[in-house]
Amino acid sequence: MGEQVAEAAEGGADYVHVDVMDGRFVPNLTFGPAMVQAIRRWTDLPLDVHMMVASPEQYVEETAQAGADIITVHAESSAHLHKVVQAVRDAGSKPGVAINPATPPSAIEEIVAEVDMVLVMSVNPGWGGQKFISGAVDKIRRVRAMLDELGLDAEIEVDGGIDPNTARAVAEAGADVLVAGSAVYGGAAAVADAIARIRAKAMGA
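Residues numbered from 1 in each chain as written. Predicted model: local features only at pLDDT ≥ 70, side-chain atom pairs only at ≥ 80, totals over all residues. Heavy atoms only, no water.

Caption draft 1: Structural view of the overall build of the protein chain. Scanning the protein chain for helices and strands turns up eight helices and seven strands. For a compact globule of 205 residues, the expected C-alpha radius of gyration is about 17 Å, and the protein chain comes in at 16 Å, within 12% of that figure. Across its three principal directions, the C-alpha atoms of the protein chain cover 45 × 40 × 30 Å. Counting only contacts in the protein chain whose residues sit at least 6 apart along the sequence, the fraction spanning at least 24 positions is 60%. As displayed, the protein chain offers around 9,800 Å² of accessible surface, 48% of which is attributable to carbon and sulfur atoms. (Helix = DSSP H or I, 4+ residues; strand = E, 2+ residues; numbered from the N terminus. Rg over C-alpha atoms; globule rule 2.2 N^0.38 Å. Contact = heavy atoms within 4.5 Å. Areas by Shrake-Rupley, 256 points an atom, 1.4 Å probe, with all protein chains shown as cover.)

Caption draft 2: Structural context of the side chain of T72. Structurally, T72 can be placed in strand β3 (residues 70-74). Not counting the four nearest positions on each side in its chain, T72 is found in contact with D48, V49, H50, M51, G96, V97, A98, M117 and L119.

Caption draft 3: Just helix α8 (residues 191-202), in detail. Compared with the 16 Å implied by 1.5 Å per residue over twelve residues, the 17 Å span of α8 between its first and last C-alpha is a close match. Among all positions of α8, only V191, A194, I195, I198 and A202 are buried. Buried residues of α8, seen end-on, are gathered within an arc of 95° and therefore sit on one face of the element. Seen from the buried face of α8, the exposed residues on the opposite side, beyond 90 degrees, are D193 and R197. (Expected span 1.5 Å × (residues − 1). Buried < 20%, exposed > 50% of the residue type's maximum accessible area, 1.4 Å probe, protein only. Arc of directions from axis to C-beta.)

Caption draft 4: Region of the structure containing the pattern of salt bridges. Scanning the entire structure with this criterion turns up seven salt bridges. Between R40 and D69 there is a salt bridge, with the nearest N and O atoms lying 2.8 Å from each other. Taken together, the positions of R40 in helix α2 (residues 33-40) and D69 in the loop between α3 (60-66) and β3 put the pair 29 residues apart, joining distant regions of the chain. On the accessibility criterion, R40 (23% relative accessible area) is partly exposed. On the basis of relative accessible area, D69 is assigned to the partly exposed category, the value being 32%. (Salt bridge = Lys/Arg side-chain N within 4 Å of Asp/Glu carboxyl O.)

Here you go:
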């Protein structure tokens, strides 16, 4: 894992996106704070930790201490979202909020001014390699309009099905950060070449 992270960093990645899954909020079970800590030793890039867990408040402090620069929690995962977001900031990390494909942007209206990142899921969270949900493009536009109307500078991140075929549409809609897994590591191209191709398409080349 460390070698793959280093390869992405050397290949031009801006962030390292780390999915934490608990087998409850999503069906899959993956990395926790210990893996975040291990990855931290391999790169100086910001660690963008996506908490796909049912009770994110239980893991905020440990994840921040492990080296997470950004901790994103799901709007659907907590009844006390403001409290969780504040806990992330108090722990020394930047807070983000994520919304699933079926969750409207209106669900984050009351928290968006408190976060540094809004993550729009363009697949249902849990498994890599899923097909991009085209409705995410309009949702990104609506989130961008919300941020602009409020004068906020939070980044918009999109995660799920991002590849050279979808990169331009999400970038044009207002996404700042594109998360790619299978498109970077799952093909025959070198990691640096895969990243460069996605970036070029996002920029309209």
